[in-house]
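Chain by chain, the residues run as shown.
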Amino acid sequence: MVDQLKRILPLVKKPARYVGGEYNCIMKDKKDVDLRVAFCFPDTYEIGMSHLGLRILYGLINSMQGVWCERAFTPWIDMEEKMREANIPLYALESGDALSEFDVMAFTLQYEMCYTNVLNMLDMGGIPIRSDERKDLFPLVIAGGPCAYNPEPMTPFIDLFVLGEGEEIVTELMELCRTAKREKWDKPLFLTKAAGLEGIYVPSLYSVSYNADGTVSAVTPSGGAPKSVQKRIIQDFSNAYFPTEMIVPSTEVVHDRVMLELFRGCIRGCRFCQAGFTNRPVRMRQPELLVRQGVEACKSAGYEEISLTSLSTSDYKGLDALSDGLLDWCQQNSVSLSLPSLRADNFSVELMEKVQRVRKSGLTFAPEAGTQRLRDAINKNVLETDVLNACSIAFSGGWSTVKLYFMIGLPTETDEDILGIADLAEKVFLEWRRTCKSKSRGVKITVSVAGFVPKPMTPFQWEAQDTIAELTRKQELLRGAMRKNITLNWHDAQTTMLEGVFARGDRRLGAVIEQAFKSGCRLDSWGECFSLSKWLSAFEVCGLDPAFYVGRARKENEVLPWDHISTGVSRDYLYAERTRAYSTVTTPDCRHKCSQCGASKLIEGGVCDV
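Figured I'd write up the structure that's included with this text.

Criteria and cut-off values
Residues numbered from 1 in each chain as written. Predicted model: local features only at pLDDT ≥ 70, side-chain atom pairs only at ≥ 80, totals over all residues. Heavy atoms only, no water. Helix = DSSP H or I, 4+ residues; strand = E, 2+ residues; numbered from the N terminus. Expected span 1.5 Å × (residues − 1). Buried < 20%, exposed > 50% of the residue type's maximum accessible area, 1.4 Å probe, protein only. Contact = heavy atoms within 4.5 Å. Polar contact = N/O pair within 3.5 Å; in protein donor to acceptor, adjacent residues only side chain to side chain. Core = buried A, V, L, I, M, F, W, Y, C linked by side-chain atoms within 4.5 Å.

### Regarding helix H14 (residues 415-435)
End to end, H14 covers 31 Å across 21 residues, agreeing with the expected 30 Å (1.5 Å per residue, within 8%). Where H14 is concerned, the buried positions are Asp-417, Ile-418, Gly-420, Ile-421, Ala-422, Leu-424, Ala-425, Val-428, Phe-429, Glu-431, Trp-432 and Thr-435. Buried residues in H14 make contact with strand E15 (363-368), helix H12 (372-377), helix H13 (384-396), strand E16 (401-408), strand E17 (444-451) and helix H15 (468-481).

What follows is the structure in structure tokens.
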């Protein structure tokens, strides 16, 4: 295979994606290994190598004696074509072995539009794509990630799902695999044992029935599987595994830097945000620990940037101590410090001065909606004055690049709210003219607009989604109102529609995903590869209508396809938040008042670290 690759690689774009051998990648002797795991990221190398979760689980699994975790990514179209022509199976980067030689295929599901990539990777690796076609225990195909909170569309292909945080449950699952391999368990026995672990969902142990109108009637467990599968969380987050010896990518990736995870969870309650609800309760790492991890990771990999990551970085209670502790070392070693996920309502001069001490990067704020009424409805809890004040501080401090993120298609939205986005962007531009000391460099204001997708486990999981035509109309309305010297980007409405279908879909959609894959769909999150016509044809072949999944509001008492999955946040709480949205009533953040969502019950002692 090595000789064949040498002939192929000069013919494809970015051949460094496919060669492995990066600094700090982990090599083991096969004689010392009794379980081999392929961590499969269903997107390209530069996307996957930017993902912190991959780095954490790769290092964690490899810290286990007798287990070797390697990496595999989705090849670009040109590489896939050459590999299929030469009969080269998809392989892991460390050993170059085909995926079929591994015991466990572990997929992370970060985005619904990567589902066909999962099937393609299995197929290219020489592994049957459907779970019921894989009669033996190994290779075992597992999956986790945010999309696993509604696993149903992918259940025909995945043997088991890991729900929630993986640092503990993954090692427990790997040890169970080793026991099963040593004692020669069959697949049904292993899956029954795995279903007894908290955080593991085995779809073959659940049957789904449907009403005459196509809605779900019931999800019924069997074989001792729990009625409700509770996500797994890390109780002691400060002592959770974090890799300080990170792989240095062999080619440019999207986020090529050290990423320090300050805390899990979010004190805010934005009603559209799945991550904000599924990652509760809030747990934080200590500043001293983060300083040590950041410095060690930079020294190990030679990175020149540390990014402080979380769902809302500026809500971290120890931010001053952390940034002060890092900046002394960063300045001496020309390492920059970046703070994404900033809130406009707590951005300050002091914070700005810390961010720019080594080098300036662009600032990003997310007002999400163009009017205060709609921001209140979605519980953003940010005022227009907050946004303008934050931009004023930035412009006064010498920043000339600001990005603003919004959504369109939100519940209760009107055209006035759409036009409000253009109006707020205009006010930001005028704020630059008013406060900027030197206008010679100009200003770059970028407005990015995503289409709203009602996500499971959120207060808006019951909502109807705008049609492609309506989203397109709103995009055109906004484009016509936007000032010419402000850059406007928007997410494709067709892709948004399909994302909504699979975000809230049921088990029957597996047939659509398989049909779309067989018709050539893959890399659907990339505009140059996406084909709506192929997807619509797949729906037609399978006798399903995408409008059933995105075009209607769910009833309060409707059984949702994911109701047997629990994040700890109660369904009643989510519906009460939906009701408050329609009354334009806000809910205070967790630091001001506990809203009794239910997530604190997952923590020993029942108190969130807010």
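### A look at the side chain of Ser-314
Tracing the backbone through its elements, the reader meets Ser-314 in the loop between strand E13 (305-309) and helix H10 (319-332). At 3.0 Å, the side chain of Ser-314 and the backbone nitrogen of Arg-343 are in polar contact.

### A closer look at helix H5 (residues 115-124)
Counting buried positions over the ten residues of H5 gives nine, a clear majority of the element. Within H5, burial applies to Tyr-115, Thr-116, Asn-117, Val-118, Leu-119, Asn-120, Met-121, Leu-122 and Met-124. Two residues or fewer past H5, Gly-126 is found with a positive phi of approximately 80°.

### Here's the deal with the environment of Ile-8
Mapped onto the secondary structure, Ile-8 falls in helix H1 (residues 2-8). Judged by relative accessible area, which is 7%, Ile-8 ranks as buried. Along the backbone, Ile-8 and Asp-324 are 316 residues apart, and their C-alpha atoms lie at a distance of 49 Å. Not counting chain neighbours up to four residues away, the residues in contact with Ile-8 comprise Met-79, Lys-82, Met-83, Ala-86 and Ile-88.

### Details of the nonpolar core
A general trend in soluble globular proteins is that nonpolar side chains are found buried together. Counting residues in each nonpolar core, the largest one holds 120 residues, and the members touching the most others are Met-105, Leu-160, Phe-190 and Phe-502. When residues in this core are grouped by element, the largest group, seven residues, is from helix H6 (residues 166-183). Once residues lying within four places of it in the same chain are set aside, the contact partners of Leu-160 are Leu-140, Val-141, Ile-142, Ala-143, Leu-173, Phe-190, Leu-191, Ala-194, Ile-200, Tyr-201, Val-202 and Pro-203. Residues Ile-56, Val-291, Ala-390 and Ile-418 belong to the second largest nonpolar core, which totals 70 residues.

### Observations concerning unusual backbone geometry
With omega at 5°, the peptide bond leading from Phe-138 into Pro-139 counts as cis. Note the cis peptide between Arg-280 and Pro-281, where omega equals 0°. Within the fold, Pro-281 resides in the loop between helix H8 (274-278) and strand E12 (283-284). With phi around 75°, Asn-24 is a residue other than glycine that occupies positive phi space. Mapped onto the elements of the fold, Asn-24 is located in the loop between H1 and strand E1 (35-41). Of the residues examined, Asn-24 reaches a relative accessible area of 18% and is grouped as buried. Within the chain, Lys-184 stands out as a residue other than glycine whose phi angle is a positive 60°. For Lys-184, the position within the fold is in the loop between H6 and helix H7 (187-194).

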